[in-house]
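Examination of the molecular architecture
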Amino acid sequence: MRRWFPLGLPLMLFACAPVEPPAPLVSADAGSARVVTELASVASSPDAESTPTQSAEALRSAWQATTPESSEDGGVAHATASALIEPSELSEDGGASGALSLEPSLSQAPSRGSNSEALPGEEETQVITESEVPVLELGPDGEPLLDADDFAQEPVPPVAVEPLPGDAPIADVGSTPNGTPAVGDAVAEPNGTPPAVDPDSDEAPVPDEPLAALDAGMEPYAIPYAPDAGSLRVRRSIAVRSEPRQDSQPLGTVAQDMRVTWQEGAMRGPDCETWVHLQPRGWVCERYLEQNFREPRVRTLPRVEEGALTPGIYARVVGRRVRAYPSLALARRRKQGVLLKGSVTVKLQGQVKVGRRTFWRTSDGQYFEARVLREHRPSDFSGLDAEALASLPMPFAWAQSRAAPRSDVVVRVAPDSHADRETVLPPRTLVSVRELSPDGQWVRIAEDHWVARDDLHVAWSLASPSIVDPGAKWLDVDLESQVLIAYEGDRPVYATLISSGSPGTDTPEGLFRVWVKFAEADMTGSMGNASYRVATVPWTMFFEGDFALHTAYWHDRFGEPVSHGCINLAPKDARVLYGWTTPDVPTGWSMAHAMPDDPGTWVRIRGQARVQPKKRRGIAPVVATVSDL
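In this text the structure is predicted, and so the values were computed from the model without any measurement.

Calculation rules
Residues numbered from 1 in each chain as written. Predicted model: local features only at pLDDT ≥ 70, side-chain atom pairs only at ≥ 80, totals over all residues. Heavy atoms only, no water. Pairing = 2+ DSSP bridges. Helix = DSSP H or I, 4+ residues; strand = E, 2+ residues; numbered from the N terminus. Axes fitted to C-alpha atoms, helices over the stretch in contact; angles between N-to-C directions. Disulfide = S-S within 2.5 Å. Buried < 20%, exposed > 50% of the residue type's maximum accessible area, 1.4 Å probe, protein only. Salt bridge = Lys/Arg side-chain N within 4 Å of Asp/Glu carboxyl O.

1. A look at the sheet that holds strand E21 (residues 396–399)
Taken in spatial order, the 3 strands line up as E24-E21-E28 in an open sheet, and their pairing is antiparallel. Lying at the two open borders of the sheet, with one neighbouring strand each, are strand E24 (429–432) and strand E28 (456–459). Recorded for the sheet is a direction-independent mean angle of 30° between the axes of neighbouring strands. Strand direction decides the pairing type here: E21 and E28, joined by 4 bridges, are antiparallel. For Ala397, the partnering residue across the bridge sits in E28 and is Val458.

2. Quick word on the state of the cysteines
Under the criterion given, the structure shown has 1 disulfide. Cys272 shares a disulfide with Cys285; S-S distance 2.0 Å. Every disulfide takes its handedness from the sign of the S-S torsion; for Cys272 and Cys285 that torsion is 95°, giving right-handed. Residue Cys272 is located in strand E10 (residues 272–277), and its partner Cys285 is located in strand E11 (residues 283–285); the two are separated by 13 residues in the primary sequence.

3. Structural notes on the pairing of strand E38 (residues 602–606)
With 5 of 5 residues buried, E38 is to be regarded as a mostly interior element. Because side chains alternate across E38, one face comprises the buried residues Trp602, Arg604 and Arg606, and the other comprises Val603 and Ile605, equally buried. Summarising the sheet, strand E29 (residues 473–478) and E38 pair through 5 bridges and their orientation is parallel. Bridging across to E38, Asp476 finds its partner in Arg604. Pairing of strand E32 (residues 510–513) with E38 involves 4 bridges; the strand directions are antiparallel.

4. Here's the deal with the pattern of salt bridges
Per the counting criterion, the structure on display carries 20 salt bridges. The shortest N-O distance in the salt bridge between Glu369 and Arg334 comes to 3.0 Å. Of this pair, Glu369 sits in strand E18 (residues 367–369) while Arg334 sits in the loop between helix H4 (328–333) and strand E15 (338–339), and the two are 35 residues apart along the sequence. Taking the relative accessible area as the measure of exposure, Arg334 reaches 46% and is therefore partly exposed. With its nearest N and O atoms 3.8 Å apart, the salt bridge here joins Glu369 to Arg357. Of the two residues, Glu369 is situated in strand E18 and Arg357 in strand E17 (residues 357–362); the sequence distance between them amounts to 12 residues. Connected through salt bridges with shared partners, the residues Arg334, Arg357, Glu369 and Arg371 form a single ionic network.

So this is what it looks like as structure tokens:
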């Protein structure tokens, strides 16, 4: 539940007249939006405020004039719009080949010591509640039976992005339904040979059919599909091309087992017997499609159960010399397990009970004993939607201490650290920003109620950059305040707290565009001698090379710069922004590139993240519960 400044105070937070909210274009917490509107209406009473409030322009000027000098911490130099990169080329099976490269599997080298290092910013993991993970039924061969509809997974590209504290960039987009790299982009064995693939397994590639010897030119072609063909099933995750040619620009990737429809006007070509024009756009070679009598069926990816925060349950591998097993039979006998190294996070697909032992099957088909896994609990935090923002005066702020983010924020009767304490606010309480003290260190949130500047994360409403078309979507990320605001033109439609790169592993400043979006992506990286592998990070949007906005399901430290350069978002926020930003990702696609006719959303990143030294306290701090955040 989102906390607000206590209503029992003699003066309300907000003193502006309520604005008639437009229909929200971005959905968030409808209950919170309603509370915002009610508070703003009450605060608009003539008696609500007797002390003058600085104008937003005056506040902003005073704030900038009193901003502390940036420390020389080796921050990333400013980038410009010229730093935008073109979509990387995709291989035939949907894999990317470009600046990003697939890192070697973290399970290929022996582990030295513990593999239980926590990800930077990570919350304390919990023992898994077994009732939350489905129990898998065993087949006659002793291995789990998997229902295709319930357990089919979207392609999850292994990402070699940054050193992961909450981030990492993606390097490959092709993979099989169980999340392993697709053949052609799979990770090679240590000796350089291609990875072995069982020809009878789900990971086996679809064999290429012989191509007819055709002229170099393209020819229109009438598809001879059976009259009762209701759809085309995608045989494996495959790149969708902008034109019926193998060397044309990739638009994205359609996921395996989707049943899609097609448009008139197939084409023959030298590199494919029949290029099929899919709905809503793009071309796929027919060798990756098959006729199906059933109705078309495409699903939004990633799939999220009703009421869930994320597409699944995630867990971190803990302990020393932990092994992953390729089958349940081998896991039971503890044979042929692969010794893991570094910090490994997995996505759980189901549990199997054998006597008194419990094994977990992961989304990539591996098995672990339950005792070596600890569950990540994603944050329930979410930002404010368009309706809520339309009812709020700008600027406003989230009250959250930089020095002690989990502690209550002290409110004093005057802008002085020795002034009497008026009250305390739970972390992430929303407050009004009315006046800045002459020394710039204190902010008045109501009459005779002052909060230290460093205990506030302020959301400022700013004009769009000149390069952004009027009314277009764009994102503003303020690294100093750790606040992201989504705009349509000059109108804010969503605002939330983020976690950017910490000093030394900074998020780049500048003006960028989202160039590719992934429904889910495996991320790998390293920090010093420690390596990381984080499974299926949902709702990932790359805006500059390996830097991305993405979900961080492993921590609830939004408002603190704890990542290695990416912009971490709470699951609810990432899901909203993934659907709102461009390029649009068609239903049933697992990724999409920005194109000239569907360019990516502009992202402006400014300021510099600051990390305050932690406060030393003689007593235990007051920690907000999950329901308070």
